[in-house]
Amino acid sequence: MPELPEVETVRRGLQPAMEGARIDRLELRRGDLRFPFQPDFAQRLQGRLITSLGRRAKYLLADLDSGDVLLMHLGMSGSFRVVSDGTNEMPGAFHHPRSDERAHDHVVFHMSSGTQGQEVAVIYNDPRRFGFMKIFARSEAEQEPFIKDIGPEPLGNEFDAAMLAAACRNKKTSLKAALLDQTVVAGLGNIYVCEALFRSHLSPRRLAATLSTKKGEPTERAVHLVDAIHDVLNLAIKAGGSSLRDHRQTSGELGYFQHSFQVYDREGEPCKTDGCSGIVKRFVQSGRSTFWCPKCQK
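Residues numbered from 1 in each chain as written. Predicted model: local features only at pLDDT ≥ 70, side-chain atom pairs only at ≥ 80, totals over all residues. Heavy atoms only, no water.

Asker: Would you take a moment to explain the packing of helix H1 (residues 4-18) against helix H6 (residues 220-239) for this structure?
Answerer: Helices that pack against each other are described as a pair by the angle of their axes relative to one another and the distance between those axes. One way to put it is that H1 packs onto H6 with a least axis distance of 9 Å and a crossing angle of 40 degrees. As summarised for this structure, H1 and H6 are arranged oblique, according to the angle between their axes. Between H1 and H6 the crossing geometry is right-handed. From H1, Leu-4, Pro-5, Glu-8, Thr-9 and Arg-12 reach across to H6, where they touch Leu-233, Ala-236 and Ile-237. The class makeup of the residues in the contact of H1 with H6 is five nonpolar, one polar and two charged. (Axes fitted to C-alpha atoms, helices over the stretch in contact; angles between N-to-C directions. Helix = DSSP H or I, 4+ residues; strand = E, 2+ residues; numbered from the N terminus. Parallel < 35°, antiparallel > 145°, perpendicular 65-115°, else oblique. Left-handed = near helix turned anticlockwise from the far one by under 90°. Contact = heavy atoms within 4.5 Å. Nonpolar A, V, L, I, M, F, W, Y, C, P; charged D, E, K, R; others polar.)

Asker: When you look at the sheet that holds strand S4 (residues 68-73) in this model, what are you seeing that I'm missing?
Answerer: Sheet strands pair by backbone hydrogen bonding; their relative direction is either parallel or antiparallel. An order of S2-S3-S4-S8 is seen for the four strands of this open sheet, with the pairing classed as antiparallel. The strands lining the two open edges of the sheet, one partner per strand, are strand S2 (50-56) and strand S8 (132-137). In this sheet, adjacent strand axes meet at a mean angle of 20 degrees when their direction is disregarded. (Pairing = 2+ DSSP bridges.)

Asker: What am I meant to see in the confidence of the model for the protein chain here?
Answerer: Low-pLDDT stretches of the model should not have their predicted coordinates read in fine detail. Residues at a pLDDT of 70 or more form 87% of the protein chain, whose mean pLDDT is 88. A low-confidence stretch, residues 89-98 stays under pLDDT 50, and its non-local contacts, those more than four residues away or across chains, total 27 contacts. (pLDDT = per-residue confidence, 0-100.)

Asker: Looking at this structure, how should I read the packing of aromatic side chains?
Answerer: Describing an aromatic ring pair means giving the distance of the ring centres and the angle of the ring planes. In total, this model carries 10 aromatic pairs according to the counting rule given. Measuring from ring centre to ring centre gives 5.1 Å for Phe-80 and Tyr-124, while their planes differ by 55 degrees; the resulting arrangement is tilted. Note that Phe-80 is positioned in strand S5 (residues 79-84) and Tyr-124 in strand S7 (residues 120-125), a separation of 44 residues in sequence. Each member of the pair Phe-80 and Tyr-124 is classed as buried. On the numbers, 5.8 Å between centres and 75 degrees between planes, the contact of Phe-283 with Trp-292 is edge-to-face. We note that Phe-283, like Trp-292, is buried. The ring of Phe-283 carries Arg-205 above its face, with NZ or CZ at 3.8 Å from the centroid. (Phe/Tyr/Trp six-rings, centres within 6.5 Å; stacked < 30°, edge-to-face > 60°. Buried < 20%, exposed > 50% of the residue type's maximum accessible area, 1.4 Å probe, protein only. Lys NZ or Arg CZ within 6 Å of the ring centre and 35° of its normal.)

Asker: So what exactly am I meant to see when it comes to the nonpolar core here?
Answerer: Nonpolar side chains in soluble globular proteins tend to end up buried together. Judged by nonpolar contacts, the single largest core of 37 residues is most densely connected at Leu-164, Leu-179, Leu-211, Leu-225 and Ile-229. Of all the secondary-structure elements, those providing two or more residues to this core are helix H3 (161-168), helix H4 (175-180), helix H5 (190-199) and H6. Here the element with the most residues in this core is H6; it accounts for eight residues. In this structure Ile-229 touches Pro-154, Phe-159, Leu-179, Leu-188 and Ala-196, once residues within four positions along its chain are discounted. Grouped together as the second largest cluster of nonpolar side chains are 29 residues, Leu-33, Phe-41, Leu-45 and Ala-62 included. (Core = buried A, V, L, I, M, F, W, Y, C linked by side-chain atoms within 4.5 Å.)

Asker: Help me understand the pairing of strand S3 (residues 59-64), please; the structure alone is not making it clear to me.
Answerer: Remember that side chains alternate between the two faces of the sheet whenever the strand is regular. For S3, a buried count of six out of six residues is recorded, marking the element as mostly surrounded by other parts of the structure. Because side chains alternate across S3, one face comprises the buried residues Tyr-59, Leu-61 and Asp-63, and the other comprises Leu-60, Ala-62 and Leu-64, equally buried. The sheet contact formed by S2 and S3 spans six bridges and is antiparallel. In the strand pairing of S3, Ile-50 is matched with Leu-64. Sheet topology places S3 next to S4; four bridges connect them, and they run antiparallel.

Below, the structure written as structure tokens:
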């Protein structure tokens, strides 16, 4: 699934075309994605102005002038592209082939005005159809099942070592499992958890509770881990995400953070920590591949 940097990259790519623009017409070319569209889905969107385009964890959230919110999730293979002035270009050099089958164009937003000052079509393509869209009232956001229990944003001002230590204080799970728990911290997935743990020299097998002292105060490990999370996410967003398989920026370009991986997908290669002679290992943890250096991650 796309993680926070990928979704944030998509949000920034869509913002010029969608924020401040009106949905003149909505095409639903099938009745469902992962889930069926709500019966009044198109009716509640057509003619509405998108006042802001945000992100919560791995979800895109479009606020409408009606007081509704459009929630969008990319799933495993979902992507958007923006078409304007009759052009349909996807610039960039591709490291992985991108499906160009228009049969997978399932949702089309026909937008007018907006910051681009022109009519555009924003097209959602999803070969595997694991993505989904849902509309709900902003006043009901605190009860919305997909987002009501999500933890703090890792790049938000409130997320710090004290908050992470408090969330992990009584957990008996591994540190990696805790970081993948969206109620602990929002938007992190397998790739960036592996990378953050490597950068903070913490073992993915370490107990999550060791981030907290007996009095509930953050340990030095918690401080280093939060710094590493900040660093790896900011670097990945700057690079446009990792784009390992299906994710693409809205321009069609791949992100290039995968070239900066320190540990992820580097099984059998030398550890990149200065002075460490370790070799990157892989093991399966909670059904996911974990990459780490047993020598310098303790």
